[in-house]
Amino acid sequence: MNKTMNLKAFQEDGPVRTCVGCRRKRPMNQLTRLALCGQPSGNLAVVKDPGRKLFGRGAWVCADQNSCLEKASKKGQLQRALRVKQL
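Figured I'd write up the structure that's included with this text. (Residues numbered from 1 in each chain as written. Predicted model: local features only at pLDDT ≥ 70, side-chain atom pairs only at ≥ 80, totals over all residues. Heavy atoms only, no water.)

## Observations regarding the side chain of R33
Okay, so step 1: Structurally, the position occupied by R33 is in strand β3 (residues 31–38).
Okay, so step 2: A distance of 2.5 Å separates polar atoms of two side chains, one belonging to R33 and the other to D49.
Okay, so step 3: Only 3.0 Å separates the side chain of R33 from the backbone oxygen of G56, close enough to count as a polar contact.
Okay, so step 4: With sequence-adjacent residues up to four places away left out, R33 is seen in contact with V47, K48, D49, R52, L54, G56, R57, G58, A59 and W60. (Helix = DSSP H or I, 4+ residues; strand = E, 2+ residues; numbered from the N terminus. Polar contact = N/O pair within 3.5 Å; in protein donor to acceptor, adjacent residues only side chain to side chain. Contact = heavy atoms within 4.5 Å.)

Next up, the structure:
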């Protein structure tokens with residue numbers, strides 16, 4: 001199966017997003033959105049956004065693999081996706 005056929009199959013399942021850890025394209029329902037939110041103390045925090053409704057920058061990681069979140073944070077991909085210098 002080539003990439004265009006694979007992508008069309010995903011598009012039938014809804015919007016497609018890319019995991020910042022493994023760079024695989026998947027339907028949104030197979031990914032978890034992480035949002036950058038301000039805290040009352042003035043600090044920024046990354047929180048899971050299961051409802052996909054929080055304001056602010058978001059990044060997507062595979063919902064079924066914790067390794068994607070670890071990869072993204074170690075390589076600086078999460079910071080780049082959220083457009084912050086450090087977390």
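## So, the environment of P50
Okay, so step 1: Relative to the assigned elements, P50 resides in the loop between β4 (44–48) and β5 (58–62).
Okay, so step 2: According to the relative accessible area criterion, P50 is exposed, its value standing at 74%.
Okay, so step 3: As for P50 and A35, which are separated by 15 residues in sequence, their C-alpha atoms are 9.9 Å apart. (Buried < 20%, exposed > 50% of the residue type's maximum accessible area, 1.4 Å probe, protein only.)

## Some remarks on unusual backbone geometry
Okay, so step 1: A positive phi angle, close to 65°, is found at R23, a residue other than glycine.
Okay, so step 2: Residue classification places R23 among the exposed positions, given a relative accessible area of 55%.
Okay, so step 3: With a phi angle near 55°, R52 is a residue other than glycine that sits in the positive phi range.
Okay, so step 4: The residue R52 is located in the loop between β4 and β5 in this model.

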